[in-house]
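Summary of the model geometry
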Amino acid sequence: MERLRAVLGVVAYAVAGLVGWLVSVPVALVVLLLLPLFYGLSSNGVHDLRRRFRARR
């Protein structure tokens, strides 16, 4: 399950780089600024993140 979190992080950095190069630097900057938020929220694992969101409903 943690492999999924790591792969998502690497893919997100790659997508942000491509977006910055091909489309718009400010859009890539927003993606790069949101990545630490993703890592912070999922620091206990993606499974725990899903459980937390379900508990709020």
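Residues numbered from 1 in each chain as written. Predicted model: local features only at pLDDT ≥ 70, side-chain atom pairs only at ≥ 80, totals over all residues. Heavy atoms only, no water.

Along the protein chain, the regular secondary structure elements total 3 helices and 0 strands. Traced from its N-terminal end to its C-terminal end, the protein chain shows the element sequence α-α-α. In the protein chain, which comprises 57 residues, the proportion classed as buried is 19%. A separation threshold of at least 6 residues defines the contact pool for the protein chain, and within that pool the share at least 24 residues apart is 53%. For the protein chain, the accessible area works out to roughly 4500 Å², and carbon and sulfur atoms hold 70% of it. (Helix = DSSP H or I, 4+ residues; strand = E, 2+ residues; numbered from the N terminus. Buried < 20%, exposed > 50% of the residue type's maximum accessible area, 1.4 Å probe, protein only. Contact = heavy atoms within 4.5 Å. Areas by Shrake-Rupley, 256 points an atom, 1.4 Å probe, with all protein chains shown as cover.)

Per-residue confidence for the protein chain gives a mean pLDDT of 79, with 77% of residues at or over 70. Model confidence for the protein chain, summarised as mean pLDDT per element, is weakest for helix α3 (residues 46–56) at 65 and strongest for helix α1 (residues 2–22) at 85. (pLDDT = per-residue confidence, 0-100.)

Moving on: the packing of α1 against helix α2 (residues 25–41). With their axes 7 Å apart at the nearest point, α1 and α2 run at an angle of 165 degrees to one another. The orientation of α1 with respect to α2, classified from their angle, is roughly antiparallel. Considering the relative orientation of α1 and α2, their crossing is left-handed. Contacts between α1 and α2 involve Arg 5, Leu 8, Gly 9, Val 10, Ala 12, Tyr 13, Ala 16, Val 19 and Gly 20 from the first element and Val 25, Val 27, Ala 28, Val 31, Leu 32, Leu 35, Phe 38 and Tyr 39 from the second. (Axes fitted to C-alpha atoms, helices over the stretch in contact; angles between N-to-C directions. Parallel < 35°, antiparallel > 145°, perpendicular 65-115°, else oblique. Left-handed = near helix turned anticlockwise from the far one by under 90°.)

A word on a nonpolar patch on the surface. On the surface, a nonpolar cluster with roughly 530 Å² of combined accessible area is contributed by Leu 18, Trp 21, Leu 22 and Val 23. Residue class for Val 23 comes out exposed when judged on its relative accessible area of 68%. (Patch = residues over 30% accessible without salt bridge, like charges linked within 9 Å, V, L, I, M, F, W, Y side chains within 5 Å. Salt bridge = Lys/Arg side-chain N within 4 Å of Asp/Glu carboxyl O.)

Here Ala 28 is to be found in helix α2. Residues Ala 28 and Leu 18 lie 10 residues apart in sequence; the distance between their C-alpha atoms is 8.1 Å. Setting aside chain neighbours within four positions, we find Ala 28 in contact with Ala 16, Val 19 and Gly 20.

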